[in-house]
Amino acid sequence: MNKLEIREHVSLSSLSTFGMGGRAQFFVEVRTFEEFVFAVEWARKKNVSYRVMAGGSNIIFPDEGLDCLLIRFFGGNMVVSTNTESVTNKRISEFTDRTIIADAGVLLGDVIKKAVSLELRGLETLSGIPGTIGGAVYGNAGAYGHSISKAVEKVEILIPQTFERKWILKAQCKFGYRESVFKRGFTQTISPIILRVILKLEKGNQEELEKKSQEIISLREKKYKPGLKCPGSFFKNVLVKDVSKKSFALVDSSKIIDGKIPAGWLLERVGAKGMREGGIYIADFHGNLFVNDGQGTAANVKMLARILKKKVLDRFGIELEEEVRYF
Ligand SMILES: Cc1cc2nc3c(=O)[nH]c(=O)nc-3n(C[C@H](O)[C@H](O)[C@H](O)COP(=O)(O)OP(=O)(O)OC[C@H]3O[C@@H](n4cnc5c(N)ncnc54)[C@H](O)[C@@H]3O)c2cc1C
């Protein structure tokens, strides 16, 4: 293991795509189980707590900074497995050459590129989603009717309290719409850390996959201009099954997509587009896109989110839930 560099008083704004936050007291980047354990033991010796992040594309750091060791899973390796047994300690019986095994810190975009180059189908609709494969599995990232859970076969996890390390099956990941056991935790106090992910993909046609991937990237770049300081969609779309009959009657049913009421539509109906609080504003072309003009703070974000949630609740009786994670 290379010696890890633990840095002090690191600015958080450059670590998240939303571009805000104070400083982390301590910060370290890790790629492997051994490095993560080293970092946690370092924190324990120093008597400081620790938090885990990755690509920083779905988080809001606090203005006052973080009084802890911030551990960033970033980088690592990816193998198109030829020998799953050695990787998973003989716990996987089945193996095909359509399997990619990636460390949590590998960029999702790199995994997708690898899959496409190997003519493997199943990830291409996620093209352009920033962040890592670990972050994607944590929040069951998705787009255009697909989510990462469809491709996940197993996840290697670590229980931080005991350093127990094991593979769990997809069913144990309890994936739902932008949900997983990693987000909810096994219990209130035990949240597993994602170390590696095994993805099982289908055989596809490289030319078609590349075309699809490029089309989606171009489409996305119209909404998310490169360099835009934002965390993607701010609120989750609303599952129709969770909405009361009274609220449902207030919704234009032609707007429902895949059993979900788009949060953007609800927000637009309450006049969100163009609203501003300090340095944070809502895009004038999409009600669910919070943007930082460079001067925005987490306090601005929370205030704007509170105002918008209340407007949607008052008008539709629907409680919006953040997709982004407040740190
Ligand atoms: C421009 C833009 C467009 C986006 N579009 C989409 C989209 O279309 N669909 C979509 O679903 N999302 C989208 N997002 C949100 C974001 O990209 C995804 O949620 C992404 O998967 C987050 O990955 P990350 O590595 O950046 O995680 P981070 O933001 O760093 O972390 C997110 C959460 O995951 C946890 N976490 C990260 N790694 C681990 C690990 N190894 N073990 C345990 N917990 C971990 C962190 O603690 C944190 O709570 C978009 C974001 C941006 C900025």
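The structure presented is a predicted model; accordingly, all values stated were derived computationally and were not measured.

**Q** Tell me about the domain arrangement of the chain, and please be specific about residues and values.
**A** For the chain, the assigned domains are domain 1 (7-73), domain 2 (78-222) and domain 3 (233-326). Summarising the inter-unit geometry, the C-alpha centres of domain 1 and domain 2 are found 23 Å apart. Listed as interface residues are 14 residues of domain 1 and, on the opposing side, 14 residues of domain 2. For the pair domain 1 and domain 2, the summed buried surface comes to about 1100 Å²; carbon and sulfur atoms form 72% of the total. There are 0 salt bridges connecting domain 1 and domain 2.

**Q** For the environment of K170, give the residues involved together with the corresponding values.
**A** In this structure, K170 sits in the loop between β12 (164-169) and α5 (181-184). Here K170 falls in the partly exposed class, since its relative accessible area comes to 33%. Each C-alpha atom, one on K170 and one on S149, is 7.6 Å from the other, the two residues being 21 residues apart in sequence. For K170, the contacting residues outside a window of four places in its chain are S149, K150, A151, V152, E153 and F175.

**Q** Just give me the short version of the site of the ligand, but keep the residues and values in it.
**A** In the region of the ligand, 31 residues are neighbours, and V52, G56, S57, G142 and R220 sit closest. I194 is positioned with one of its backbone polar atoms (N or O) 2.9 Å from a nitrogen atom of the ligand. Relative to its unbound accessible surface of 980 Å², the ligand loses 93% to contact with the protein. Elements that contribute at least two residues to the shell around the ligand include exactly β3 (50-53), α4 (133-138), β9 (142-143) and β13 (193-200). Per-element accounting of the shell around the ligand gives the leading share, 3 residues, to α4. Of the residues belonging to the shell around the ligand, the class tally is 17 nonpolar, 10 polar and 4 charged. The residues that make up the shell around the ligand include at least three from each of domain 1 (7-73) and domain 2 (78-222).

**Q** Explain the packing of aromatic side chains to me, and be specific about the residues and the numbers.
**A** Per the counting criterion, the structure on display carries 8 aromatic pairs. Plain terms: the ring middles of F26 and W42 are 4.9 Å apart, the flat faces sit at 75 degrees to each other, and that makes the pair edge-to-face. One end of the pair, F26, is in strand β2 (residues 23-30); the other, W42, is in helix α1 (residues 33-46), with 16 residues separating them in the sequence. Accessibility expressed as a relative area gives 5% for F26, which makes it buried. For the pair W265 and F316, a centre-to-centre distance of 5.7 Å together with 50 degrees between the ring planes defines the contact as tilted. With W265 in helix α8 (residues 263-269) and F316 in helix α9 (residues 298-316), this residue pair connects regions lying 51 residues apart in the sequence. Each member of the pair, W265 as well as F316, is classed as buried. Among the aromatic residues, those joined into a cluster by ring pairs are F36, Y50 and F73. It is R165 that lies over the ring of F33; its NZ or CZ is 4.3 Å from the centre. Above the face of the Y326 ring, K302 is positioned so that its terminal group lies 5.2 Å from the ring centre.

**Q** Summarise the sheet that holds β3; cite the residues concerned and give the values.
**A** Spatially, 4 strands are ordered β1-β2-β5-β3 in an open sheet, and the strand pairing comes out mixed. The sheet terminates laterally at β1 (7-11) and β3, the two strands that pair on one side only. Here the average twist between neighbouring strands, direction ignored, is 45 degrees. Bridging between β3 and strand β5 (residues 66-73) involves 4 bridges; their strand directions are parallel. Across the sheet, residue M53 finds its bridge partner in β5, namely R72.

**Q** Account for the side chain of T132, naming residues and giving values.
**A** One can find T132 in the loop between β8 (120-121) and α4. Only 2.9 Å separates the side chain of T132 from the backbone nitrogen of G135, close enough to count as a polar contact. Residues within four places of T132 in sequence aside, it is in contact with A54, G55, F73, F74, A104, G105, V106, L107 and L108.

**Q** Quick rundown of the sheet that holds β13? Include the residues and the values.
**A** With respect to topology, 5 strands assemble into an open sheet ordered β6-β7-β13-β11-β12, the strand pairing being antiparallel. Of all strands in the sheet, those bounded by a partner on one side alone are β6 (78-80) and β12. Put simply, the sheet's adjacent strands are angled 15 degrees from each other on average, direction ignored. Sheet topology places strand β11 (residues 152-159) next to β13; 6 bridges connect them, and they run antiparallel. Within β13, the residue paired with V155 across the bridge is V197.

Thresholds applied
- Every residue gets a number counted from 1 within its own chain, in the order that chain's sequence is written.
- Thresholds applied to this predicted model are a pLDDT of at least 70 for local features of residues and 80 or more for the giving and counting of side-chain atom pairs; totals over whole chains, interfaces and linings are not thresholded and use all residues.
- The side-chain figures draw on all heavy atoms in the structure; neither hydrogens nor water molecules are used.
- Note that domain bounds follow an automatic or database assignment of domains.
- Pairs of residues are marked as contacts when any of their non-hydrogen atoms sit within 4.5 Å.
- Once two parts are put together, the accessible area they lose, assessed with a 1.4 Å probe and summed over both, is termed the buried area.
- The salt bridge definition used is simple: a Lys or Arg side-chain nitrogen within 4 Å of an Asp or Glu carboxyl oxygen.
- Secondary structure elements are defined from DSSP: runs of H or I of at least 4 residues count as helices, runs of E of at least 2 residues count as strands, and each element is numbered from the N terminus.
- Under the scheme applied here, a residue whose accessible area is under 20% of the maximum for its type counts as buried, over 50% as exposed, and between as partly exposed, the area being computed with a 1.4 Å probe on protein chains only.
- A cutoff of 4 Å decides nearness: a residue is near a molecule or strand if any of its heavy atoms lies inside that distance of it.
- Definition of a polar contact: a pair of N or O atoms within 3.5 Å, with one able to donate and the other able to accept a hydrogen when the atoms are protein atoms, and with sequence-neighbouring residues admitted only if both atoms are side-chain atoms.
- Under the convention used here, a 1.4 Å probe and the Shrake-Rupley method define accessible areas, while residue burial counts only the protein chains that appear.
- The nonpolar class holds Ala, Val, Leu, Ile, Met, Phe, Trp, Tyr, Cys and Pro. Asp, Glu, Lys and Arg form the charged class, and all remaining residues, Gly among them, are polar.
- Each aromatic pair joins two rings of Phe, Tyr and Trp (for Trp, the six-membered one) with centres within 6.5 Å, and gets the label stacked for planes under 30 degrees apart, edge-to-face for over 60, and tilted for any other angle.
- In this analysis the charged atom, NZ for Lys or CZ for Arg, is taken to sit over a ring once it is within 6 Å of the ring centre and within 35 degrees of the ring normal.
- In this scheme, strands are said to pair when DSSP sees at least two bridges between them.
- All axes here are fitted lines through C-alpha atoms, helices being fitted over the stretch that makes contact, and every angle between N-to-C directions spans 0 to 180 degrees.

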